[in-house]
Amino acid sequence: MEALYAALEAGRVGIFESPTGTGKSLSLICGALAWLRDWEEKRRQEEEQLLALGQDGLSPQQARPGSADTAGQPDWVTAFVQRKEERDKVDRLKEEQIRRKKREERLDKIRQNVQLKYAAKRKRCEEDEAKRLLQLSKEALSQGAGEDALDQLDHNEEELILAEYESDDEKKVVSGLEEDDDDDLEEEHVTKIYYCSRTHSQLSQFVREVQKSPFGKDTRLVSLGSRQNLCVNEEVRRLGALQLINDRCMEMQKNKHEKKSNEENEGKKRRVSRTVCPFYSFEQMQFLRDEVLVEVKDIEQLVSLGREAKACPYYGSRFAIPAAQLVVLPYQMLLHEPTRNAAGIKLKDQVVIIDEAHNLIDTITCIHSAEVSGSQLCCAHSQLSQYMERYRKRLKAKNLMYIKQILYLLEQFVAMLGGNVNQNPGSQAVPQTGTVLKSINDFLFQSQIDNINLFKVQRYCEKSLISRKLFGFVERYGGPASAVKTNKENQKVAGLQDFLLTLQQGSIKEAGTQSPPVEAEHDQLRAASPLMQIEGFLSALTNANQDGRVILNKQGTVAQSSLKFLLLNPAVHFARVVEECRAVIIAGGTMQPVADFREQLLCCAGVDPARIVEFSCGHVIPPENILPIILCSGPSNQQLEFTYQTRDLPQMMDETGRILCNLCNVIPGGVVCFFPSYEYEKQVYGHWEKTGLLSRLAARKKIFQEPKKANQVEQVLVEYAKCIKRCSQAGGQMTGALLLSVVGGKMSEGINFSDDLGRCVIMVGMPYPNIKSPELQEKMTWLDKTMPRAGGQAPSRVLIENLCMKAVNQSIGRAIRHQKDFASIVLLDHRYARPAIFNKLPQWIRERTQVKPAFGSAFAELRKFHRSKLDAL
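Cut-offs used in this document
- Residues numbered from 1 in each chain as written.
- Predicted model: local features only at pLDDT ≥ 70, side-chain atom pairs only at ≥ 80, totals over all residues.
- Heavy atoms only, no water.
- Buried < 20%, exposed > 50% of the residue type's maximum accessible area, 1.4 Å probe, protein only.
- Helix = DSSP H or I, 4+ residues; strand = E, 2+ residues; numbered from the N terminus.
- Arc of directions from axis to C-beta.
- Axes fitted to C-alpha atoms, helices over the stretch in contact; angles between N-to-C directions.
- Contact = heavy atoms within 4.5 Å.
- Nonpolar A, V, L, I, M, F, W, Y, C, P; charged D, E, K, R; others polar.
- Phe/Tyr/Trp six-rings, centres within 6.5 Å; stacked < 30°, edge-to-face > 60°.
- Pairing = 2+ DSSP bridges.
- Parallel < 35°, antiparallel > 145°, perpendicular 65-115°, else oblique.
- Left-handed = near helix turned anticlockwise from the far one by under 90°.
- Salt bridge = Lys/Arg side-chain N within 4 Å of Asp/Glu carboxyl O.
- Polar contact = N/O pair within 3.5 Å; in protein donor to acceptor, adjacent residues only side chain to side chain.

1. A short note on helix H30 (residues 693-700)
Alright, step 1. Buried within H30 we find Leu 693, Leu 694 and Leu 697. End-on view of H30: buried residues confined to an arc of 100°, all on one side of the axis.

2. Some thoughts on the packing of helix H17 (residues 360-367) against helix H27 (residues 595-603)
Alright, step 1. Close contact between H17 and H27 brings their axes to 10 Å; oriented N to C, the two are set at 35°. Here Leu 360, Ile 361 and Ile 364 of H17 lie close against H27, whose contacting residues are Asp 596, Phe 597, Gln 600 and Leu 601.
Alright, step 2. Grouping the constituent residues of the contact of H17 with H27 by class yields five nonpolar, one polar and one charged.

3. As for the packing of aromatic side chains
Alright, step 1. This structure, assessed with the given rule, holds 18 aromatic pairs.
Alright, step 2. Plain terms: the ring middles of Phe 16 and Phe 615 are 5.4 Å apart, the flat faces sit at 35° to each other, and that makes the pair tilted. Residue Phe 16 is located in strand E1 (residues 13-17), and its partner Phe 615 is located in strand E11 (residues 612-616); the two are separated by 599 residues in the primary sequence.
Alright, step 3. Residue classification places Phe 16 among the buried positions, given a relative accessible area of 9%.
Alright, step 4. Ring plane angle 10° and centroid distance 4.4 Å describe the contact between Tyr 402 and Tyr 460, whose orientation is recorded as stacked. You can see Tyr 402 sitting in helix H19 (residues 397-416) and its partner Tyr 460 sitting in helix H21 (residues 454-464), a full 58 residues away along the chain. This pair shows no difference in class: Tyr 402 is buried, exactly as Tyr 460 is.

4. Describing the sheet that holds strand E9 (residues 562-567)
Alright, step 1. If you walk across this open sheet you meet the four strands as E6-E9-E8-E7, and the pairing is antiparallel. Because the sheet does not close on itself, it has two edges, and the strands there are strand E6 (370-373) and strand E7 (434-439). Strand-to-strand twist across the sheet, computed as the mean angle between neighbouring axes with direction ignored, equals 15°.
Alright, step 2. Alignment of E6 against E9, held across four bridges, turns out to be antiparallel.

5. Topic: the packing of helix H22 (residues 466-477) against helix H25 (residues 530-540)
Alright, step 1. The N-to-C vectors of H22 and H25 enclose an angle of 160°; their axes lie 8 Å apart at closest approach. When the interaxial angle is binned, H22 and H25 end up roughly antiparallel. Between H22 and H25 lies a crossing whose hand is right-handed. Residues Ile 466, Ser 467, Leu 470 and Phe 471 of H22 form the contact with H25, whose own contacting residues are Leu 531, Met 532 and Glu 535.
Alright, step 2. When the residues that make up the contact of H22 with H25 are grouped by side-chain class, the tally is five nonpolar, one polar and one charged.

6. Considerations on the environment of Leu 601
Alright, step 1. For Leu 601, the position within the fold is in helix H27.
Alright, step 2. Accessibility expressed as a relative area gives 0% for Leu 601, which makes it buried.
Alright, step 3. Taking the C-alpha atoms as reference, Leu 601 lies 6.7 Å from Pro 570; in sequence the two are 31 residues apart.
Alright, step 4. Excluding residues that lie within four positions of it along the chain, Leu 601 makes contacts with Leu 360, Ile 361, Ile 364, Pro 570, Ala 571, Phe 574 and Asp 596.

7. Focus: the environment of Ala 610
Alright, step 1. When you line up the elements, Ala 610 lands in the loop between H27 and E11.
Alright, step 2. Residues Ala 610 and Val 13, 597 residues apart in the sequence, show an inter-C-alpha distance of 9.4 Å.

8. As for the sheet that holds strand E12 (residues 626-631)
Alright, step 1. Across the sheet, which stays open at both edges, the seven strands sit in the order E14-E15-E13-E16-E17-E12-E18 with parallel pairing between neighbours. On the outer flanks of this sheet lie strand E14 (701-705) and strand E18 (850-852), each paired with one strand and no other. In this sheet, adjacent strand axes meet at a mean angle of 20° when their direction is disregarded.
Alright, step 2. One ladder, built from five bridges, connects strand E16 (residues 760-764) with strand E17 (residues 823-828); its direction is parallel. Across the sheet, residue Val 764 finds its bridge partner in E17, namely Leu 828.
Alright, step 3. Across the face of the sheet, helix H31 (residues 713-730) comes into contact with strand E13 (669-675), E14 and strand E15 (736-742) while running at roughly 155° to E15.

9. Overview of the pairing of E9
Alright, step 1. By the criterion of burial, E9 is predominantly enclosed, with six of the six residues buried.
Alright, step 2. What you see with E9 is no split at all: Ser 562, Lys 564 and Leu 566 on one side and Leu 563, Phe 565 and Leu 567 on the other are buried throughout.
Alright, step 3. Two elements, strand E8 (residues 548-554) and E9, share six bridges in a ladder whose sense is antiparallel. Its bridge partner being in E9, Asn 553 is matched across the sheet by Ser 562.

10. A closer look at unusual backbone geometry
Alright, step 1. With an omega of -10°, the peptide bond between Gln 592 and Pro 593 qualifies as cis.
Alright, step 2. Structurally, the position occupied by Pro 593 is in the loop between strand E10 (583-588) and H27.
Alright, step 3. The backbone phi angle of Glu 356 is positive, close to 50°, even though this residue is not glycine.
Alright, step 4. Tracing the backbone through its elements, the reader meets Glu 356 in the loop between strand E5 (351-354) and H17.
Alright, step 5. Its identity is not glycine, yet Asp 755 carries a phi of approximately 50°, on the positive side.
Alright, step 6. Mapped onto the elements of the fold, Asp 755 is located in the loop between E15 and E16.

11. Considerations on the pattern of salt bridges
Alright, step 1. One pass over the full model with this rule turns up 25 salt bridges.
Alright, step 2. Between Glu 234 and Arg 307 there is a salt bridge, with its nearest N and O atoms 3.9 Å apart. Of this pair, Glu 234 sits in helix H10 (residues 234-237) while Arg 307 sits in helix H13 (residues 299-309), and the two are 73 residues apart along the sequence.
Alright, step 3. A relative accessible area of 42% places Arg 307 in the partly exposed class.
Alright, step 4. Across the pair Glu 235 and Arg 248 runs a salt bridge, and its minimum N-O distance is 3.2 Å. Of this pair, Glu 235 sits in helix H10 while Arg 248 sits in helix H11 (residues 242-264), and the two are 13 residues apart along the sequence.

12. Regarding the pairing of E17
Alright, step 1. For E17, a buried count of six out of six residues is recorded, marking the element as mostly surrounded by other parts of the structure.
Alright, step 2. Burial of the side chains of E17 extends over both faces: Ala 823, Ile 825 and Leu 827 are buried on one face and Ser 824, Val 826 and Leu 828 on the other.
Alright, step 3. Pairing geometry for E12 and E17, over six bridges, is parallel. Among the inter-strand pairings, Leu 627 is bridged to a residue of E17, identified as Ser 824.

13. Some points on the side chain of Asp 829
Alright, step 1. Looking at where Asp 829 falls in the secondary structure, it is placed in the loop between E17 and helix H34 (835-838).
Alright, step 2. Here Arg 831 takes part through its side chain, which lies 2.9 Å from a polar atom of the side chain of Asp 829.
Alright, step 3. Once residues lying within four places of it in the same chain are set aside, the contact partners of Asp 829 are Ile 630, Leu 631, Leu 640, Glu 641, Phe 642, Gly 765 and Met 766.

14. What to know about the environment of Pro 795
Alright, step 1. Residue placement: Pro 795 occurs in helix H33 (residues 795-812).
Alright, step 2. With a relative accessible area of 11%, Pro 795 lands in the buried category.
Alright, step 3. The spatial distance from the C-alpha of Pro 795 to the C-alpha of Asp 784 is 5.6 Å, given a sequence separation of 11 residues.
Alright, step 4. Among residues more than four places away in sequence, those in contact with Pro 795 are Leu 783, Asp 784, Met 787, Pro 788 and Arg 789.

This is how it looks when you write it as structure tokens:
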């Protein structure tokens, strides 16, 4: 907490490591909020002094003439300039004081006056009922006024037509709320802390820690999340896919804003009734904003409040950001600049804490990378062509221009894969298979799209909501139940429907599975418009040429082939965060090796090395509660070295099996064994089955395997835990369970193997990444060109070792989860003892690790450790 406080006070960029079970979250909360409390108090005292001086007249500094900016000026000019600056500053401080007092009075009133809340709720219910009756009346009137069905599109189809588009150069984009309302809701941003973590559950856990902390009652906390988590409009939630929910929500906002202009033009042309969100209005937002600030709430409580108040939690929480002291959000929302801007997050002079940041570099890379398949490109081209043909007469010239540009881009992308958009991608063979990497500029030139402004096209896709309109069009006409009005239209729509189903059947056939029934196909079609995925790829192509590569992955057919943008320089997207913020803290339970963060992320982002501070603390468990061992050889003196050349040898797999048999004889409860990959785990398992080693293992421990499918993980874990509990209660020959897991799989992160669930963690070999991967090779080449050599080693070599050890550290960290826990950690490979590798282990493990050249001494040490712990229990 002291180290964190000092880093925030000095405006540093900190890399903080505190192992799981040491109270990291609570330390971050207390250290950061204590600093914020002191900072606010100091600011308040400075303001009072300035205001007092402003009332008394000139300050002592003002009385001194001849500042650097006014050198050579007469004293009276200097005094006048300084007096004006002082007056302006005092006026600003007075305004801030008034705003702060108003906000505090308003929040105190809500805290004390519960009746106010229910009066507001009753008023909203009455307004909702009046709106509902008015809508029913309008619908009854519109049904009475018959129109020519052939000349007019029905209400649902009117909503599918793109509105007239004006670029940002032609108009200032206004938000979904009326401008007057916006002024009332927006406030000055106070100094605040943005706390980010990886998952929704981690954020909820953090908020619960804040609620329990000494700061829980007085902190203005706002929880942010995606529309998928926060939307309370059931019609929108039913869309399922995040992109569809986003687009539908933005469309409803746009409809609300356009409502006034539609009413003004009602006499000139037929008025289109467009759907607006009933949860989105000024009064509701104002009420929810204040409720959010009054008391600390997690996302679930925020959603419940939104349903009760009939107000949108997604926007209500965003309007509370300026006045909040602590904002809790997923780190994807903070790291992606367009999302950050859309949420109203302003980082200038603020504090950012990124927790669970061990995968920060990979996360930034993934957020700004994108991949599209040939099947998606052809499908999007077909959908968009059909859309343009149907509504050509109703679309404005600018919309048609951009649609034609998008169609051209899709044609050229498919051509780069060796295909033709007008043919079924599933039946088009690719002339030359393989993987090709190109720079962004080379890709743009070779695909002949360098003359198109991708920034404008991407902005058009974002603002016009074209993917949402296209989805609505396909949803209406892409399914078997669709019906249109004329025979000519029927032919066009039938063509679209047939083509879409052909695409699906083609890709299903390639995967070697049977075709699903029609209903399943229709559900699959509903998932999302492929144009949504393509928009991400277009956005990625606007990166600087040196910061990324385009990968052309050509497989058997065009449908199986893909285009992928790979971001090489994640620092370019992190630079803005560290430039704007007062301080940035990158924290996690396992941050070793930290060289990647320091060199690839911070130094490349332009952070002065003197501004970077590193902090790592030991574990809270006693030294005698952990036994880490590096095992160099097995029971038959076979040296343990699991390289790609030696790990497949029968004698190496036999030696691994013998080690596990011996360890399972002396280790109680659960043993978790990590393999470098699913393929190798499967190969070893099959070999043990043939040799009989598996049955020897199964006599002592029931064997579980990590499933590849995410939805099966929980079931395996439940059965694993039940088996261990049953064995500990029953006694007998069976002493627990053995879980065969994979590094980087579902079990290596975020799973809690505390107490009997993980009395020993075994790491088989060193999980080096696949060096033959074209993406990794390109990253290595880029690093060698741009980064200096570290200690005589090429940056690419350091990267490979760091990726390996980061994965190892995450996996072995599954064992010790709290202060009274105990476990052994066994690393099966003599290379772990090399200083360059050994020094990348976490400090609290390094300090206690024993290197054992022979199996006998290691076995004796493990047996002694576990017997002593059992006796103590």
